[in-house]
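One letter stands for each residue in the lines below.
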Amino acid sequence: MKKNRMDKRADLHEEHVSRFAREELTELPEATLVADDERLAEALGTEFWSRWSSGERVGKAWPAAGPFDAVTLRLPKGRRPIEMAVHALGGILAPGGVLYIYGSNDEGIRSVPKMFSDHFDEIDTVSYRQKCRLVRASGPKNLRSSLAEWEERHELQMDNRAMPWVSYPGLFAKGGVDDATALLLDGLEVHGSVLDFGCGTGVLSAGLLARGADRVDSIDADALAIESTRINVPEAQAYLGDGWLAVQDKGPWDMIVSNPPVHKGVAEDYGLLKSLIEQAPKRADSLILVVQRQVPVYRWLEESFRTVSRLKESSRFHVWQASVR
Ligand SMILES: C[S@@+](CC[C@H](N)C(=O)[O-])C[C@H]1O[C@@H](n2cnc3c(N)ncnc32)[C@H](O)[C@@H]1O
């Protein structure tokens, strides 16, 4: 399936912000770490870190200890993930080192200097053009610079039970049960081996096991999602990686169940959903998905599966079941 207009727009936005950074950050010291921008890391030939897996590269929950003379950060999405990344990266600067943070105005880069004024001796916007900004920070102080300090402890309410639940900044549904996931699980009948594609903190994986799955494999591209699924649902096998690459040599499964991602950064992106649908018939007998009503998923499912039916709906979501038989 080809990339549609939404997918292309997400790619173009990333390229625009990364080009801004490449033009601004031309002379960085040798001991530089680039976070969350592979194009920039490639252009500069530096070490790279991201919690996210992409292609063959597997994400890491926390950056290497360094120390680094310069660190660059492509602004993550969401206030708490921004806070965690800035604290993590500020904590690996060498004495006199500099942290550069950049992003586009609509992503919240404007508020970054104020957000971290208590955590750096100096933090200022040093460039502003093409609707992007570059912020320079030095003299880190008062940082929470270990992953353990960012662990969020919740109580998950599911199936009339309260379960202790661990999450980290930026994980889906913030340690709770999302409405779409709840709709998907409501009355769901499962059997045999199941793959939870895009597991987040493991809510769906826990629900699948509670509904009688013999075995659940869970995948996610975010190293922190896998970290929390391993804590929350130790009975599931959790694999870190970008989409199908996480389970290349695993399966087949009786079923694949997913509340799939439909965004990349701030933009809508159906690329992963399409790859899930395309590959699923080769890896399992059936696929059950919950998606927002406006996502044109029926067309894509029909191209790949023999039978497709709508199992459930709410005012915002549809649950689809597709089968190879
Ligand atoms: C809508 S959330 C669903 C989370 C969880 N299953 C639930 O229902 O609470 C989608 C998940 O897909 C993950 N994801 C995004 N891109 C991915 C990729 N390329 N490969 C695997 N997982 C990905 C996200 O990190 C997120 O945890």
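Note that the structure is predicted; figures quoted are calculated from it, not measured.

A. Highlighting the site of the ligand. Taken together, 20 residues lie near the ligand, and Thr181, Gly198, Gly200, Ala221 and Pro261 sit nearest. Elements represented by at least two residues in the shell around the ligand include exactly helix 6 (203-210) and strand 10 (215-220). Each residue belonging to the shell around the ligand can be placed in one class, and the counts come to 10 nonpolar, 5 polar and 5 charged.

B. Broad picture of the domain arrangement of the protein. Each assigned domain of the protein is listed with its residue range as follows: domain 1 (5-148) and domain 2 (151-323). Centre-to-centre separation of domain 1 and domain 2, based on C-alpha positions: 30 Å. Between domain 1 and domain 2, the residue contacts involve 25 residues of the former and 20 residues of the latter. Here the side of domain 1 that touches domain 2 is built from residues that sort into 9 nonpolar, 6 polar and 10 charged.

C. Inspection of the pairing of strand 16 (residues 307-313) at higher detail. With 6 bridges connecting them, strand 16 and strand 17 (residues 317-323) associate as antiparallel partners. Bridged to Thr307 within strand 17 is Ser323. Following strand 16, the chain reverses through 3 residues before pairing antiparallel with strand 17.

D. Region of the structure containing unusual backbone geometry. A cis amide bond links Gly66 with the next residue in sequence, Pro67, at an omega value of 5°. For Pro67, the position within the fold is in the loop between strand 2 (47-49) and strand 3 (68-74). Gly251 connects to Pro252 through a cis peptide bond whose omega is 0°. Take Pro252: it is sitting in the loop between strand 11 (237-240) and strand 12 (253-258). Phi angles above zero are rare outside glycine, and Gln130 is one such case at about 50°. Within the secondary structure, Gln130 is located in the loop between strand 5 (120-129) and strand 6 (132-140). The phi dihedral of Asn142 falls on the positive side, at around 50°, and the residue is not glycine. For Asn142, the position within the fold is in the loop between strand 6 and strand 7 (152-158).

Cut-off values and rules
- Residues numbered from 1 in each chain as written.
- Predicted model: local features only at pLDDT ≥ 70, side-chain atom pairs only at ≥ 80, totals over all residues.
- Near = placed C-beta within 6 Å.
- Helix = DSSP H or I, 4+ residues; strand = E, 2+ residues; numbered from the N terminus.
- Nonpolar A, V, L, I, M, F, W, Y, C, P; charged D, E, K, R; others polar.
- Domains from an automatic or database assignment.
- Contact = placed C-beta atoms within 7 Å.
- Pairing = 2+ DSSP bridges.

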